[in-house]
Amino acid sequence: MKKLLAIIAAVGLTATTSSVVVSCTTTVNRFSKLNFSDKKIYDTLILKMLDNEFISVSQAQKFLKISDSEIITDVLKILDRKIAEEEYKATSSTLASTFKVKEKDVKENITNKLLNDLATNQFFSEYTAAIIGNSKGLVNDYNYSNNHSLNPFDLFKDDAKISYSIYFENSEDSKTTTSGSLTRWQVRGEFGENNWNIPSFETLNNSKFYIVGSTDKKGHVPALTAKPSISKVLNKETSVSDINGNFLVKPSESQDWFTGKEIMKYRFQSYINAKIIPDIYTQLISLAYLDSNLYTTNLTNTNYTRSFARLDTTNKLVSSFQNSLTAAPTSVNSNIKLIWSFKADVSQDATEWVNSYKKALNDPNAGGNVILKDDSIKILRDNFNSTEAGDKLVNTTKLGMDPFSIGLKGYNGIVKNNDTGVEAISGSLSISTDAQTAAKSVNKPTLLTGPKGQGFAVGDKGESEIVLVLPLYLNDIYDATNVTILPINGKAEMSIPENTWLPLGDKYSQSIDDMKEYSNPNNIDVIKDKSGNLYIKVQDGQESGQITLGKNRKTTITVKSKDDTMLGIHETINKADSSFTSSFDEDAQAKVKDTDKILFSILLARNSDPKSISQLTTNWNNSDKTSSDIKNLSATNKQLLISEIEKGLVTGDTDYTTEAKEELYTKYIMDGDNVLFQGLYDEISKYIKEDEGNNSD
């Protein structure tokens, strides 16, 4: 403490906590709203690191004398990222402890992944708009190179001599290439060639992409026709020193390809890192704080059955989303929406054009707006993407595609209701003011057809546009239908991700009299806990199986092993936890592999009674507000959608940012642990040393 007082005196600083430091016994370990200038936060950080003896007096003096605002801003970005990383880890650790699962096996830095995902979302819509805006679908990728080479770099610690390229798989309907063959993504002059091979809009939406590394650094690298047999796994293997020739870069051990959106952050790595990610840093603290209290777990049991996380209705995301989580669907209204717009030029008869959409959507007699059905968005997507001659809908939009795999061009972004209409929280809202006003009151998936069914007038030339509004509901994003028993004629279907156990003790069906009784398991592994509760898993290597549940009233359930579409707690079971060893006998424990996961749903209601949960799900599924397009998104895309909405909600909300900083700066700076300070010091000193040309002490 004497060191701290000495430094304050030496550099003439006033104290940056909420009261002046006057002695070793009078400090207030909390920030106030008045202390959030960059310089004051920076000074407080340095003084706390000194007080914890991570830096010397001379180092502190040197750091505190820095007045360059750019350096201070960059240091605070390091601070925010570190604090956000620690808070995400703490949240993950709490959930793991509560649900008796292992903490996430994070091979990639949590905040780096979040930054990359959010930046890639933004860039994907920008790039697909450039494809649509070119009559030949060609984009000069060098416009997005940031004066750096295209394609990835620094994927492994020793890959300086490796050249990377990206390939995409040709589709079945390609008229110029063989189905399944590979085409290298390149623009004129790249790899010493004059060919343009830019993936089409449809290819980005539907095809598989591959990263290939090569030890051949010559200017002209011949394109491959097949995937290399040698591979390296990202974030698992660190060295490529043993490679000679070509190798495949895999995103995981079980998958060797990337989606069109995922590949963007590698093709345009330098541009995204330099031009987009820096603008997102300022939201990291707020995002980490927002996620830290998204769930409440006070309904959780001490075993694995009837353990739930529930959405916390006081959380900013939840309270901003819709007016109720549990009311009758007719009373539930959305405040958050996805927007697309479709256009026709002035030469098109507006009424005929709008009617062509109504006809395509099988609602030709609609007197006004069209309420969309389950297959409506698929109809539009297939029509827009079709290369066949016929009744192709006119859509002259120059806007790109959504980044969530819904796959419609004309994407405006995500909006929230305001006093007069809607406002953008993500993307670039370009629809007319009249359309914005109309969108506010939309609570069902709807195609707005404009005044008198002639579209909305936009632009100086008087073009016509119609607007697709997809209201978002947490009921759809956290949908648990795929693990809900909904029998029809004594049969039902469920889907569970591979290598995943599903507890049945929290399930309900009027058609099943006893959820602890079962018979005739086929390709299904079954275990019971010591209370008799059932857990099921599709056997390894099988795509589906069957099991009959019940004693007298029975239902046969087909269980499919599908991609994960349920956004819930889906983590590896911690077999070393005492709850596991005390809940299951030795035979049951032996059936659970060390890598097996368990899947818990996220509740919307405080009432955890299985019958009530089932009824809430059934009521929502039977309403005309639900969207199968949102419910059927992968869990990954649902999480990306949530993250994008969170970013939009906290951006510009200074009150919430202040609240987040008060809590997390106090927690991690004033009460920070040694691990955090050591990591901060290592990064900050490295940064300042590099900035000053290696003159730092």
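It should be emphasised that the depicted structure is a prediction, and the values quoted were computed from it without experimental measurement. Here, residues in each chain are numbered from 1, in the same order as that chain's written sequence. Note on the predicted model: pLDDT of at least 70 is required for a residue's local features to be given, and 80 or more for side-chain atom pairs to be given and counted; whole-chain, interface and lining totals, by contrast, use all residues. Side-chain numbers come from the whole structure's heavy atoms, not from hydrogens or water.

A. Inspection of the sheet that holds strand β15 (residues 491-496) at higher detail. Ordered in space as β15-β21-β20-β17, the 4 strands form an open sheet in which the pairing is mixed. Only two strands of the sheet have a single partner each, and these edge strands are β15 and β17 (518-522). Pairwise comparison of adjacent strand axes, ignoring direction, gives a mean angle of 20° for this sheet. We treat two strands as partners when DSSP finds at least two bridges between them. A run of DSSP states H or I qualifies as a helix once it reaches four residues; a run of E qualifies as a strand once it reaches two. Both are numbered from the N-terminal end. Looking at chain direction, β17 and strand β20 (residues 544-549) are connected through 3 bridges and run antiparallel. Its bridge partner lying in β20, Tyr518 is registered against Leu549. Orientation is described by axes fitted as lines to C-alpha atoms, over the contacting stretch for helices, and by angles from 0 to 180 degrees between their N-to-C directions.

B. Inspection of the nonpolar core at higher detail. Among buried residues, those of type Ala, Val, Leu, Ile, Met, Phe, Trp, Tyr and Cys that are joined through side-chain atoms within 4.5 Å constitute a nonpolar core. Relative accessibility under 20% of the residue-type maximum defines a buried residue, over 50% an exposed one, and the middle range a partly exposed one, all with a 1.4 Å probe and only protein chains included. Tyr127, Trp185, Leu338 and Tyr478 are the most contacted members of the largest nonpolar core, which has 147 residues in total. Among the elements that make up this core, the one with the highest residue count is helix α4 (residues 69-99) (12 residues). We call two residues contacting when some pair of their heavy atoms lies within 4.5 Å. Residue contacts for Leu338: discarding those within four places in its chain leaves Phe404, Ile406, Tyr411, Gly413, Ile414, Leu468, Val469, Leu470, Leu472, Ile630 and Leu641. Within the second largest apolar cluster, 21 residues are counted, among which are Met494, Ile496, Leu504 and Leu549.

C. Focus on the pattern of salt bridges. Any Lys or Arg side-chain nitrogen found within 4 Å of a carboxyl oxygen on Asp or Glu counts as a salt bridge. Tallied over the entire structure, the rule returns 20 salt bridges. Two residues, Asp540 and Lys537, come together in a salt bridge whose shortest N-O distance is 3.3 Å. In this structure, Asp596 engages Lys537 in a salt bridge whose closest nitrogen and oxygen atoms are separated by 3.2 Å. Note that Asp596 is positioned in the loop between α16 (586-591) and β23 (597-600) and Lys537 in strand β19 (residues 534-538), a separation of 59 residues in sequence.

D. Broad picture of the packing of aromatic side chains. Think of it this way: a Phe, Tyr or Trp ring, Trp meaning its six-membered ring, pairs with another when their centres are within 6.5 Å, and the plane angle makes it stacked under 30 degrees, edge-to-face over 60, tilted otherwise. Evaluated as defined, the whole model comprises 28 aromatic pairs. Judged by centre distance (5.9 Å) and plane angle (10°), the rings of Phe342 and Tyr357 are stacked. In this pair, Phe342 sits in strand β8 (residues 336-344) while Tyr357 sits in helix α11 (residues 350-360), placing the two residues 15 residues apart along the sequence. The pair Phe342 / Tyr357 is uniform in exposure class, with both members buried.

E. Expanded view of empty space enclosed by the protein. For cavity detection a 1 Å grid was placed over the protein atoms alone, and a set of points counts as a cavity when a 1.4 Å probe fits there but cannot get out; an open set counts as a pocket when protein lies on both sides within 12 Å along at least five of seven lines, with lining residues being those that have an atom within 4 Å of a point. Grid points are joined across faces, edges and corners, and a volume is the space filled by probe spheres set on the points. Under the counting rule described, the total for this entry stands at 3 cavities of 30 Å³ or more. Of the voids in this model, the largest cavity is the one considered here, and its volume is about 320 Å³. Lining the largest cavity we find 24 residues, and of these Ala480, Thr484, Leu603, Ile613 and Thr617 sit closest to its centre. Tallied by class, the residues present in the lining of the largest cavity amount to 14 nonpolar, 7 polar and 3 charged. Looking at the second largest cavity, the residues that line it are Tyr304, Trp501, Ile527, Tyr535, Ile573, Phe580, Phe584 and Ile598. Under the grouping applied here, Gly and all other residues not named as nonpolar or charged are polar, the nonpolar ones being Ala, Val, Leu, Ile, Met, Phe, Trp, Tyr, Cys and Pro and the charged ones Asp, Glu, Lys and Arg. Residues of the lining of the second largest cavity, tallied by class, amount to 8 nonpolar, no polar and no charged.

F. Geometry of the pairing of strand β3 (residues 209-214). Of all the 6 residues making up β3, 6 are buried; the element is thus mostly covered by neighbouring parts of the structure. Side chains of β3 alternate between two faces, with Phe209, Ile211 and Gly213 and Tyr210, Val212 and Ser214 buried alike. Direction of pairing for strand β1 (residues 163-169) relative to β3: antiparallel, over a ladder of 6 bridges. Paired with Tyr167 across the bridge in β3 is Tyr210. Summarising the sheet, β3 and strand β5 (residues 246-250) pair through 4 bridges and their orientation is antiparallel. Residue pairing for β5: Ile211 is matched across the bridge by Val249.

G. Representation of the sheet that holds strand β22 (residues 569-572) within the structure. With mixed pairing, the 5 strands of this open sheet are ordered in space as β18-β19-β16-β23-β22. Looking along the sheet, the strands with just one partner apiece sit at the ends: β18 (524-528) and β22. Within this sheet the neighbouring strands show an average axis-to-axis angle of 25°, counted without direction.

H. Representation of the environment of Asn315 within the structure. With respect to the helices and strands, Asn315 occurs in the loop between β7 (309-311) and α10 (316-321). Residue class for Asn315 comes out buried when judged on its relative accessible area of 1%. Measuring from C-alpha to C-alpha, the distance between Asn315 and Tyr295 comes to 8.4 Å, with 20 residues separating the pair along the chain. What Asn315 contacts, discounting residues up to four positions off in sequence, is Leu290, Asn293 and Leu294. Polar contact is defined as a pair of N or O atoms within 3.5 Å, subject to the rule that within protein one atom must be able to donate a hydrogen and the other to accept it, and that residues adjacent in sequence are counted only when both atoms are side-chain atoms. Only 2.8 Å separates the side chain of Asn315 from the backbone oxygen of Leu290, close enough to count as a polar contact. In terms of polar contacts, Asn315 uses its side chain to reach the backbone amide nitrogen of Leu317, at 2.8 Å.

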